[in-house]
Amino acid sequence: MGSDWDRDAELVARIGRGDAAAFERVYDRYLPLVLRWSLRETGNREVASDLAAETFAAALLASRRYRPSKGTVGTWLIGIARNKLRESRRAQRVEDSARRRLGLEPVVFTDEDFARVEELISLDGAAVGVLETLPPTLRDAVSLRVLDERSYEEVARELRCSELLARQRVSRGLRTMRSALEG
Amino acid sequence: MMSDYFSTVRSELAAAVEQRAHLPWWRRVRLAHGRTLAVVFAALVIASPGVAAVSGLFSQGQPNPTGPVSAGVMNGIVRAGDSRLLPIKVADLQGGPPWGLRVVSTTRGETCVQVGRVQDGQLGSLGIADAWNNDHKFHAISPSATARQACGATDAVGHGFGTSGILGASDSASGSAYWLATPPALSGPAASGCKLAGDRGGAPASWPTCPAGSNRIIFYGLLGPDAVSVTYRTPSGGLATERTVRGVGAYLLVFPYNRTTCAEYTRGSSVYRGCFGYIGSTTPGPMMPGAIAEVRYTHGRSCELSGRAQPCPAVGWVLFKVKHVSREQVATAVHVRVFPAGSYGCPNKLGIGCQGIQFESPSRQVPIEWTFAARVAVTNSRTSYGWNLQVPNGCGPVGKTFPPTFATSFGTDSNIRAGQTLRYSTFLPPSCHGTYRLTVQFNAQTTDEPNDALGGGSGGPWNPIPIGKASFTIR
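As the structure is a computational prediction, the values presented were derived from the model and not from experiment.

Q: Give a detailed account of the overall build of chain B, specifying residues and quantitative values.
A: Helix and strand content of chain B: 5 helices and 22 strands. Looking at chain B as a whole, 52% of its 475 residues qualify as buried. By sequence separation, contacts in chain B at least 24 residues apart represent 70% of the contacts at least 6 residues apart. Taken as a whole, chain B presents about 21,500 Å² of accessible surface, with 53% of it coming from carbon and sulfur.

In structure tokens form, the structure reads like this:
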């Protein structure tokens, strides 16, 4: 069993004990994976985002039942997502029972979020490695926008360039990363 | 920090983790099982954002009907366990279940590829764009629902080779453009669909015109076990590269259907005209319209299409051990019988095969029937019996003296037992007098290279061996 596996299993155990920071780390680490899977299965960014949110809500509720001996955290989450998708298809609407149980209000999905999906699905462990190989101007732009979750306005201010140029750099950086990952 | 959908979900869920930590254990358990009255109540007032975005979700509908299939005819049937949904998924431009491929191996030695939408590990079509009466459901396609043209060449160990395209495909993965890739349903809701504005003859006239933006150009295929990637032309004129599926070399490209893409992806083809229907060949080549610019294989090998006169080779093809058949082994007597003009038409009441020949006025034709005993068995699609009819000098051409559908040659398309008596017939115009010469052939694969025939075929090239001759006169 590798150290990442141990660490993530421990994080899930801590979620069960009410550790919000542990949840945030699992969410940050696995959102790209769950979102990418959901998008591949549904072909719709809004539905995929909705499904990912429900998956993490269900994972939160089921965190005490996670057993590392039965698979990695990633496998566990995709299993939850698959079940949620199956239920959603039966009901012809995205399943939201886990979020309702937690009393969460629905979150509005905006046009900005469509672009955010593309950014997030570009992120995973391999992507971070590729990020380091980008030219500094592109790497900084992608890091600020995607890893630090800064707005384009903030990215532009940080890099001392126009917002338009900041957007172009992020876009080029992500495209280069995708080519490197798929090539 | 920006506050987008994902960061909001993150903070709300994190807050929920903390709140739960302060609940008594029995309350946490009840929350996890979702049985509290308060939660049920909440369900009535909270509308999920997913309600407005159901386009990606399709409930299960009835499966596509499968036409009559037989283990020994045409493609044969799918061998048990030889149907595999490939790990390749391509998002559609308008969302919904992704596009995918399934490979099947059949009892007649064919390797066939099916294309459609993928949901819950199944390949199927959707009830949209006037298909399935717009029921907005997912309809699974049977692995046996494969037309002949969807089957490419197959080598000695079962590697499939074939490149296909569907120009003007409906995003329902159903409809007239698929009819050469997947046998059409003849009745019921599965037979519904839409047609392209320029479709003349491919779809029933009663079908409505496809909704704007609902058509696609799809290229897919198997490039063999050694293929690593395909580089293809994008609609904007650039180049992009996709990895192929390991072991089979599968690729799948889905583009919008419009003037630009039609012009781009039919450019340079001297064979195909227009931008509609199914196209196929064994390997990518200059005659075949498509998007592929280059195929890369293991060990640094590649095939670039630009400026190439010949199709790409079938890299990775495993040679057959060809069993050569001598003329003596297959020689047989051929008996011909000439019936009076108009004694039967097609379909007929005599139980004589019509071979798909249709005549406008069969009553005026002269039926010809011939029989012979097959000495060598046919057990796969790489071998067949056939015939060739030489008409008298001065007769013809087809379409004038002979009906437009008249064929001067034909090959069998089913398994045949050694010793089985075969009986075939055709119809000749009474006005074409003279001596006809009939040659019956055994079509055996005589080399072990893949053929390059457009459309189906499992091997080749074939070398017809004449096994019997007969002549007759119409006065």
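Q: How would you explain the confidence of the model for chain B if you had to name every residue and give the values?
A: All names here are of chain B. Confidence along chain B averages 75 in pLDDT terms, with 71% of residues attaining 70 or more. Taken as a whole, residues 347-353 scores under 50 in pLDDT and shows 8 contacts with residues more than four places along the chain or in a different chain. Every residue in residues 355-361 scores below 50 in pLDDT, and together they form 11 contacts with partners more than four places removed in sequence or on other chains. Taken together, the chains of this predicted complex give a pTM of 0.64 and an interface ipTM of 0.72.

Q: Tell me about helix α4 (residues 259-266) of chain B, residues and numbers included.
A: Residue and element names in this part refer to chain B. Buried within α4 we find T261, C262, E264, Y265 and T266. On its buried face, α4 sits against β8 (160-170), β9 (215-223), β10 (227-233) and β12 (250-256). A side-chain oxygen of the first residue of α4 lies 3.1 Å from the backbone nitrogen of T260; this N-cap is N258.

Q: Go over the nonpolar core with me, naming the residues and quoting the values.
A: In this structure, A:F23, A:F56, A:W76, B:F6 and B:L13 are the most contacted members of the largest nonpolar core, which totals 44 residues. Listed by contribution, the elements that provide at least two residues to this core are α1 (3-16), α2 (20-42), α3 (45-62), α4 (73-91) and α6 (111-121) of chain A together with α1 (5-21) of chain B. What A:W76 contacts, discounting residues up to four positions off in sequence, is A:V12, A:A59, A:A62, A:S63 and A:Y66. If you look at the next biggest cluster of nonpolar residues, it comprises 27 residues, including B:F372, B:L389, B:C432 and B:F472.

Q: Help me get a handle on the sheet that holds β10(B), residues and values and all.
A: Residue and element names in this part refer to chain B. Spatial strand order, β11-β10-β14-β15: 4 strands in an open sheet with antiparallel pairing. Taken across any chain shown, the strands that pair with only one partner, and hence form the sheet edges, are β11 (239-243) and β15 (302-304). Neighbour-to-neighbour, the strand axes of the sheet open up by a mean angle of 15°, direction not taken into account.

Q: How would you summarise the confidence of the model for chain A if you had to cite specific residues and measurements?
A: Residues at a pLDDT of 70 or more form 87% of chain A, whose mean pLDDT is 80. Between the elements of chain A, mean pLDDT differs from a low of 61, seen in helix α7 (residues 125-131) of chain A, to a high of 90, seen in α3(A).

Q: Explain the state of the cysteines residue by residue, including any values.
A: Residue and element names in this part refer to chain B. Here the structure, examined in full by the defined rule, presents 3 disulfides over all chains. Each sulfur in the disulfide pair C303 and C312 lies 2.0 Å from the other. Between C303 and C312 the sulfur-sulfur dihedral comes to about -85°; the bridge is accordingly left-handed. According to the relative accessible area criterion, C303 is buried, its value standing at 3%. The exposure class assigned to C312 is buried, which follows from its relative accessible area of 3%.

Q: Before we move on, can you summarise the packing of aromatic side chains with the specific residues and values?
A: Scanning all chains against the criterion turns up 14 aromatic pairs over all chains. Relative to A:W76, the ring of A:Y66 lies with its centre 4.9 Å away and its plane at 45°, an arrangement referred to as tilted. With A:Y66 in the loop between α3 and α4 and A:W76 in helix α4, this residue pair connects regions lying 10 residues apart in the sequence. Both residues of the pair, A:Y66 and A:W76, count as buried. Among the aromatic residues, those joined into a ring-pair cluster are B:F219, B:Y232, B:F255 and B:Y265. The cationic tip of B:R117 hangs over the ring face of B:W99; the distance from NZ or CZ to the ring centre is 4.8 Å.

Q: Describe the sheet that holds strand β16 (residues 334-338) of chain B, and please don't skip the residues or the numbers.
A: Strands belonging to one sheet form pairs held by backbone hydrogen bonds; the direction of such a pair is parallel or antiparallel. Residue and element names in this part refer to chain B. Strand order in this open sheet of 3 strands is β16-β17-β20, and the pairing throughout is antiparallel. Since the sheet does not close on itself, it has two edges, and those belong to β16 and β20 (421-428), each with one partner. Adjacent strand axes in the sheet meet at a mean angle of 20°, parallel and antiparallel pairs treated alike.

Q: Could you give me a rundown of the environment of B:A197, with the residues and numbers involved?
A: Relative to the assigned elements, B:A197 resides in the loop between β8 and β9. Considered as a pair, B:A197 and B:C210 are 13 residues apart in the sequence and their alpha carbons are 7.5 Å apart.

Q: Requested: an account of the side chain of A:S38, with residues and values cited.
A: Tracing the sequence through the fold places A:S38 in helix α2. When near neighbours in sequence (up to four residues on either side) are disregarded, A:S38 contacts A:G43, A:A48, A:L51 and A:A52.

Q: An account of the pairing of strand β4 (residues 111-119) of chain B is requested, with residue identities and associated values reported.
A: Residues and elements named next belong to chain B. Within β4, 9 of the 9 residues are buried, which leaves the element mostly enclosed by the surrounding structure. As paired strands, strand β3 (residues 99-106) and β4 are joined by 7 bridges and run antiparallel to one another. By the bridge assignment, V104 is partnered in β4 with C112. Adjacent in sequence and paired antiparallel, β3 and β4 are bridged by 4 residues, among which G109 carries a positive phi angle near 80°. Bridge analysis of β4 against strand β7 (residues 151-154) gives 2 bridges, and the strand direction is antiparallel. Pairing of C112 across the sheet is with C151, part of β7. Here 3 bridges tie β4 to strand β5 (residues 122-126), and the two strands are oriented antiparallel to one another. When the bridges of β5 are listed, Q119 appears paired with Q122. Linking β4 to β5, which pair antiparallel, is a turn of 2 residues; within it D120 sits at a positive phi near 50°.

Q: Tell me about the environment of A:P68, residues and numbers included.
A: Tracing the backbone through its elements, the reader meets A:P68 in the loop between α3 and α4. The sequence separation of A:P68 and A:A13 amounts to 55 residues, and the corresponding C-alpha distance is 9.8 Å.

Q: I'd like a description of the packing of α2(A) against α6(A), backed by residues and values.
A: Residues and elements named next belong to chain A. α6 packs onto α2 with a crossing angle of 115° between their chain directions and a minimal axis gap of 8 Å. Taken as axis vectors, α2 and α6 run roughly perpendicular relative to one another. In the crossing of α2 with α6, the sense of the turn from one axis to the other is left-handed. Across the interface between the two elements, L31, P32, L35, R36 and L39 of α2 pack against V117, L120 and I121 of α6. Among the residues forming the contact of α2 with α6, the class breakdown is 7 nonpolar, no polar and 1 charged.

What counts and how
- Residues numbered from 1 in each chain as written.
- Chains lettered and ligands numbered in written order.
- Predicted model: local features only at pLDDT ≥ 70, side-chain atom pairs only at ≥ 80, totals over all residues.
- Heavy atoms only, no water.
- Helix = DSSP H or I, 4+ residues; strand = E, 2+ residues; numbered from the N terminus.
- Buried < 20%, exposed > 50% of the residue type's maximum accessible area, 1.4 Å probe, protein only.
- Contact = heavy atoms within 4.5 Å.
- Areas by Shrake-Rupley, 256 points an atom, 1.4 Å probe, with all protein chains shown as cover.
- pLDDT = per-residue confidence, 0-100.
- Polar contact = N/O pair within 3.5 Å; in protein donor to acceptor, adjacent residues only side chain to side chain.
- Core = buried A, V, L, I, M, F, W, Y, C linked by side-chain atoms within 4.5 Å.
- Pairing = 2+ DSSP bridges.
- Axes fitted to C-alpha atoms, helices over the stretch in contact; angles between N-to-C directions.
- Disulfide = S-S within 2.5 Å.
- Phe/Tyr/Trp six-rings, centres within 6.5 Å; stacked < 30°, edge-to-face > 60°.
- Lys NZ or Arg CZ within 6 Å of the ring centre and 35° of its normal.
- Parallel < 35°, antiparallel > 145°, perpendicular 65-115°, else oblique.
- Left-handed = near helix turned anticlockwise from the far one by under 90°.
- Nonpolar A, V, L, I, M, F, W, Y, C, P; charged D, E, K, R; others polar.

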